[in-house]
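# Topology and contacts: notes
Each chain is listed here by its residues.
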Amino acid sequence: MKAAGGAITFESIYDDSEGGVGGAGGLMGHLANFEASGSQSLLELIRKLEKSEFPVKCLVYDANIVWALDIAKQLGIAGAAFFTQSCAAIASYYPMQYELTGEPLPLPAFSMPGLPQLRLPDMPLVGLDTGCFPPIMRYILKQFDNIDKADWVLFNSFDSLEEKVVKWMSNLWPVRTIGPTLPSVYLDNRVENDSDYGFNLYKPNTDTCMKWLNTKPTGSVVYVSFGSAASLNAEQMAEIAEALRQNDDSFLWVVKPKEESKLPSNFVEETSEKGLVVTWCSQLEVLAHQAVGCFITHCGWNSTVEAISFGVPLVTMPQFLDQITNAYFVEKFWDVGIKPEADENGLTTRNEIDRCIREIMHGERGHLIKKNAIRWRELAKEAVSERGSSDKYIDEIIASFVAT
Ligand SMILES: O=c1ccn([C@@H]2O[C@H](COP(=O)(O)OP(=O)(O)O[C@H]3O[C@H](CO)[C@@H](O)[C@H](O)[C@H]3O)[C@@H](O)[C@H]2O)c(=O)[nH]1
């Protein structure tokens, strides 16, 4: 598949919910408002484009936005659901939808040896909500309401990474893995000038991070980030801080502005010789840097795929939802990371984190994990290279519209 920088144009849809997620109705209120105003605005946009040089042939929508598919169908265009979580995570939610409705599952649930079948009351939602079945879970399961009508079901994954589950899921829907969905400059470098897609990405602190990483030896830095949504409690933040302080390796830690007050006092100043703390960074550039030797992560799916694509070993500290499944696959199936054990109070202690960093950075197991990580990195590249699985699927999908 060929694409040229600048071949993508952007249009916006209108969302009139005041304050967004932070508004009076919170997340659920925002989602309801978004449905009301966003669906109308999306409909108008597609109708406007019908008369343009580039009428819409297919609507690729975040699978969480189920109403987008209804609009595509209403307008007679194709709809492709794009899941932003792994195939395995989505497969683990799927039976819960049937648990909820009481209908029988159309096929036996996907099972992996050692991966427990999640049931509704087990869903780990720490930090998101309380109660065994909060509204957010109901919202997630809504993804399956109309999925049978989607023309394609896409994942930011690749076939060899999730072979068994992709096979299982293909009995349900027209599944295609099209990942890793990273700029080609980080993978096979086939697309010219694509690093920024012609627009400015949000990349704060890049110079600071790159200059600092450039001074560090290969594989010597521990990168720590918990993505955009997770919020650790102060006690857990302190344990990570002390682990990084007592460990001999250098570290680069992304601490979001709302978390900064949870750092032990004077931590940044006292560790400035070996550590850099920033509020955000360009994670792709950091993970691609040869100085990074391991990544302490919450295992959000994007971070997991990115680390796999760059061959960076992981220390996993999942917080909720799919992150638990991702961490499980990282350790047990792909063998690219280690999960520190939490104590009886759910706290992952400084000594345990430190032990895992040492093991990954300098231990025998770490050596094997690094080798595996490099193998997965090659498979990720292969998937998006000419005639690789993801490349072929993208061609197939595009060809299906060109033909119509
Ligand atoms: O300093 C940083 C930190 C993160 N990132 C990027 O931000 C994204 C973070 O995504 P992810 O790792 O998936 O974490 P979350 O933002 O927490 O993702 C939410 O959405 C994911 C996809 O649905 C789920 O897998 C997670 O559980 C959910 O928390 C990645 O692309 C990172 O490269 C940066 O660029 N700079």
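Calculation notes
- Residues numbered from 1 in each chain as written.
- Predicted model: local features only at pLDDT ≥ 70, side-chain atom pairs only at ≥ 80, totals over all residues.
- Heavy atoms only, no water.
- Near = heavy atom within 4 Å.
- Polar contact = N/O pair within 3.5 Å; in protein donor to acceptor, adjacent residues only side chain to side chain.
- Areas by Shrake-Rupley, 256 points an atom, 1.4 Å probe, with all protein chains shown as cover.
- Helix = DSSP H or I, 4+ residues; strand = E, 2+ residues; numbered from the N terminus.
- Nonpolar A, V, L, I, M, F, W, Y, C, P; charged D, E, K, R; others polar.
- Patch = residues over 30% accessible without salt bridge, like charges linked within 9 Å, V, L, I, M, F, W, Y side chains within 5 Å.
- Salt bridge = Lys/Arg side-chain N within 4 Å of Asp/Glu carboxyl O.
- Pairing = 2+ DSSP bridges.
- Axes fitted to C-alpha atoms, helices over the stretch in contact; angles between N-to-C directions.
- Domains from an automatic or database assignment.
- Phe/Tyr/Trp six-rings, centres within 6.5 Å; stacked < 30°, edge-to-face > 60°.
- Buried < 20%, exposed > 50% of the residue type's maximum accessible area, 1.4 Å probe, protein only.
- Parallel < 35°, antiparallel > 145°, perpendicular 65-115°, else oblique.
- Left-handed = near helix turned anticlockwise from the far one by under 90°.
- Contact = heavy atoms within 4.5 Å.

This part covers the site of the ligand. Taken together, 18 residues surround the ligand, and among them Ser-228, Cys-281, Ser-303, Glu-306 and Asp-322 come closest. Ser-228 places a polar side-chain atom, nitrogen or oxygen, 2.5 Å from an oxygen atom of the ligand. His-298 is positioned with one of its side-chain polar atoms (N or O) 2.9 Å from an oxygen atom of the ligand. Look at the ligand: alone it shows 690 Å² of surface, and the protein chains cover 83% of it. A total of four residues in the shell around the ligand trace back to one element, the largest contributor, which is helix 10 (residues 301–310). Per-class residue counts for the shell around the ligand are six nonpolar, 10 polar and two charged.

Residues Val-21, Leu-27 and Met-28 make up a contiguous nonpolar surface patch of about 230 Å² in total accessible area. With respect to the element layout, Val-21 can be found in the segment before helix 1 (26–50).

On to the sheet that holds strand 2 (residues 78–83). Adjacent strands of a sheet pair through backbone hydrogen bonds, lying either parallel or antiparallel. Read across the open sheet, the four strands follow the order 1-2-3-4; overall the sheet is parallel. Lying at the two open borders of the sheet, with one neighbouring strand each, are strand 1 (58–62) and strand 4 (175–177). The sheet shows a mean angle of 25° between the axes of neighbouring strands, taken without regard to direction. By the bridge criterion, four bridges tie strand 2 to strand 3 (residues 152–155) in an arrangement that is parallel. Its bridge partner lying in strand 3, Phe-83 is registered against Phe-155.

The subject of this paragraph is the domain arrangement of the protein. Domain annotation of the protein identifies domain 1 (2–177) and domain 2 (199–382). Averaged C-alpha coordinates put domain 1 and domain 2 at centres separated by 28 Å.

Scanning all chains against the criterion turns up 17 aromatic pairs. Here the aromatic rings of Phe-83 and Phe-155 are separated by 5.0 Å at their centres, their planes lie at 10°, and the arrangement is stacked. One end of the pair, Phe-83, is in strand 2; the other, Phe-155, is in strand 3, and 72 residues separate them in sequence. The exposure class assigned to Phe-83 is buried, which follows from its relative accessible area of 1%. Overall, the relative accessible area of 0% leaves Phe-155 in the buried class. Each ring, one from Tyr-223 and one from Phe-295, has its centre 4.8 Å from the other, and the planes form 35°; the classification is tilted.

Angle between the axes and distance between the axes: these two values describe a pair of packed helices. Direction vectors running N to C along helix 7 (residues 234–246) and helix 12 (residues 350–362) enclose 45°, while the axes themselves pass 8 Å from each other. It follows that helix 7 is oblique to helix 12 by the angle criterion. Here the hand of the crossing between helix 7 and helix 12 comes out right-handed. Across from Gln-236, Glu-239, Ile-240, Glu-242, Ala-243, Leu-244 and Gln-246 in helix 7, the residues of helix 12 making contact are Arg-350, Asn-351, Ile-353, Asp-354, Ile-357 and Arg-358. Residue composition of the contact of helix 7 with helix 12, grouped by class: five nonpolar, three polar and five charged.

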